[in-house]
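# Chains, contacts and geometry: an overview
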Amino acid sequence: MKGLELARKYYEEYGREMIDTQFDDVADRICVGLVGEGSECLSYDDEISTDHDFEPAFCLFITKEDEKKFGFELERAYSKLPKQFMGYERQPLAAVGGKRHGVIVIDDFYKQFLGAANAPDTVERWLYTPSQSLLNASNGEIFRDDLGLFSAVRNEIKKGYPRDIRLKKIAAHTIFMAQAGLYNYPRLIKRGETGAAQLAIFEFVKNTISVIYLLNNNYEPFYKWTYRGMSALEILGNLASPLAALTELGNSADETTAKAETIEEIAQLLISEYRKMGISNSASNELEAHAYAIVKGIENVELRNMHIMQGI
């Protein structure tokens, strides 16, 4: 069973009644759901995921003021819910580490991931807040939120990057792709520096994955979930397999030739997509030229004047 499904069933079976009967006068001030860190919040969990941090549990998001008024009582009531449910066992509260379930102050939750209690509202915050943090702050499901404060921030984040931020990030990643895959990789192979050549491949793959998420206006997850997430992406999500192959192949003569051809094919697919989306009007077949063309389409002067490699 998926963690999100387990959490909802546990809430419907026990949590709803607990809130409606023991906290009926403030029930409309309690936001309930499962959001944050963990594969279950992305629906990427499987049988292997159940070996740690997997339990029938949910989050109770309240304001700082409400935490002072009834937070202790709410946490105590939550801790008294059944310890076993549908074959899974509740875990004891961790003495250290971040809190994933139970009563969580809304502002504290968002500050943990975003550095502030609100969605990014400046160029700097949008540009430098890690994509996985934005995803962690907006993933999962909300089961109820009568007050709407938690969902207001969440829904703003879920809109995705502002257009200029996306363009800046796409341009920066594109430059790194061109540098690592199309320039440095073949030169390193010629020098016989296969270790460094592999690092160049990894840089090409990492930056290509980031571009694909940005083209889809999706936040990129923690690295171990990037390939899993790509399978659901409409735009160039099918590149997950050839990208994985680049990192798996060795550096024999035949393999380096195959890798160089794959890199060029991927570059041309991206160029085609840039033109199709109207973010580059360059006639060049060189990936680097399109990075600079994309920058020209940025309306925000501050962003447009930044070094092209800034923003990742």
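In what follows, the accompanying structure is described. Please read these numbers as outputs of a predicted model, since none were measured by experiment.

Conventions used here
Residues numbered from 1 in each chain as written. Predicted model: local features only at pLDDT ≥ 70, side-chain atom pairs only at ≥ 80, totals over all residues. Heavy atoms only, no water. Helix = DSSP H or I, 4+ residues; strand = E, 2+ residues; numbered from the N terminus. Contact = heavy atoms within 4.5 Å. Areas by Shrake-Rupley, 256 points an atom, 1.4 Å probe, with all protein chains shown as cover. Core = buried A, V, L, I, M, F, W, Y, C linked by side-chain atoms within 4.5 Å. Buried < 20%, exposed > 50% of the residue type's maximum accessible area, 1.4 Å probe, protein only. Axes fitted to C-alpha atoms, helices over the stretch in contact; angles between N-to-C directions. Parallel < 35°, antiparallel > 145°, perpendicular 65-115°, else oblique. Left-handed = near helix turned anticlockwise from the far one by under 90°. Nonpolar A, V, L, I, M, F, W, Y, C, P; charged D, E, K, R; others polar. Phe/Tyr/Trp six-rings, centres within 6.5 Å; stacked < 30°, edge-to-face > 60°. Salt bridge = Lys/Arg side-chain N within 4 Å of Asp/Glu carboxyl O. Arc of directions from axis to C-beta. 1 Å grid on protein atoms, 1.4 Å probe; cavity = no way out; pocket = protein on both sides within 12 Å on 5 of 7 lines; lining within 4 Å. Points joined across faces, edges and corners; volume = space filled by probe spheres on them.

## Structural notes on the overall build of the protein chain
Within the protein chain, the regular secondary structure consists of 13 helices and six strands. Overall, the protein chain is about 70 × 45 × 30 Å in size when its C-alpha atoms are taken along their principal axes. Sequence-distant contacts in the protein chain: of pairs separated by 6 or more residues, those separated by 24 or more amount to 71%. For the protein chain, the accessible surface area stands at approximately 15,300 Å², while carbon and sulfur atoms represent 50% of it.

## So, unusual backbone geometry
For S43, which is not glycine, the phi dihedral falls at a positive 60°. Counting through the fold element by element, S43 comes out in the loop between strand 1 (31–34) and strand 2 (59–62).

## Here's the deal with the nonpolar core
Membership of the largest hydrophobic core comes to 98 residues, with the highest contact counts inside it found for I30 and L243. Sort the elements by how many residues they give to this core and helix 8 (residues 194–215) lands first, with eleven residues.

## Side note on the packing of helix 11 (residues 253–277) against helix 12 (residues 287–296)
Running from amino to carboxyl end, helix 11 crosses helix 12 at an angle of 25°, the nearest separation of the two axes being 10 Å. Considering their axes alone, helix 11 and helix 12 lie roughly parallel with respect to each other. Handedness of the crossing formed by helix 11 with helix 12: left-handed. Mapping the contact onto sequence places A267, I271, Y274 and R275 in helix 11 and L287, H290 and I294 in helix 12. The class makeup of the residues in the contact of helix 11 with helix 12 is five nonpolar, one polar and one charged.

## Quick notes on the packing of aromatic side chains
According to the stated counting rule, one finds 18 aromatic pairs in the structure shown. Measuring from ring centre to ring centre gives 6.4 Å for F23 and F70, while their planes differ by 45°; the resulting arrangement is tilted. With F23 in the loop between helix 1 (3–22) and strand 1 and F70 in helix 2 (residues 64–79), the pair connects residues that are 47 residues apart, well separated along the chain. Of the residues examined, F23 reaches a relative accessible area of 7% and is grouped as buried. Cluster of aromatic residues (ring-pair linked, three or more members): Y10, Y11, Y14, F58, Y78, F85 and F143.

## Comments concerning the pattern of salt bridges
For the structure on display, the rule yields eleven salt bridges. A salt bridge links E12 to R16; the nearest nitrogen and oxygen atoms lie 3.0 Å apart. Highlighted residues: E12 and R16, both in helix 1, separated by four residues, approximately one helical turn. The partly exposed category is assigned to R16, whose relative accessible area is 32%. Between D164 and R163 there is a salt bridge; the shortest N-O distance is 3.8 Å. By sharing partners, the salt bridges in this structure join R8, E12, R16 and E141 into a single network.

## Observations concerning helix 10 (residues 240–248)
By the burial criterion, the buried members of helix 10 are A240, L243, A244 and L246. When helix 10 is viewed along its axis, its buried side chains cluster within an angular range of 150° and face the same direction. Away from its buried face by more than 90 degrees, helix 10 exposes S241 and E248. As for helix 10, its buried residues are in contact with helix 8, helix 9 (226–230) and helix 11.

## Some details on helix 6 (residues 149–158)
The α-helix winds at 3.6 residues per turn, so residues separated by three or four positions along the chain end up facing the same way. Within the sequence span of helix 6, burial applies to F150, S151, V153, R154 and I157. The buried residues of helix 6 occupy an angular sector of 160° when the element is viewed end-on, so they sit on one face. If you follow the buried residues of helix 6, they end up packed against strand 1, strand 2, helix 3 (106–114), helix 5 (131–136) and strand 6 (141–144). Of the residues flanking the end of helix 6, it is G160, one or two places downstream, whose phi is positive at about 95°.

## Thoughts on the packing of helix 10 against helix 11
Between two packed helices, both the angle of their axes relative to each other and the distance between the axes serve to describe the pair. Relative to each other, helix 10 and helix 11 sit at 145°, their axes nearing to 10 Å. With respect to the hand of their crossing, helix 10 and helix 11 are arranged in left-handed fashion. Each of P242, L243 and L246 in helix 10 lies in contact with helix 11, whose residues at this interface are K259, T262, I263 and I266. Taken together, the residues of the contact of helix 10 with helix 11 break down into five nonpolar, one polar and one charged.

## Observations regarding empty space enclosed by the protein
Per the counting criterion, the structure on display carries two cavities of 30 Å³ or more. Size it by volume and the largest cavity reaches roughly 90 Å³. If you go around the largest cavity, you meet 13 residues; those closest to its centre are V35, G36, E37, K99 and R100. Top contributing element to the lining of the largest cavity by residue count: helix 3, with three residues. Tallied by class, the residues present in the lining of the largest cavity amount to six nonpolar, three polar and four charged.

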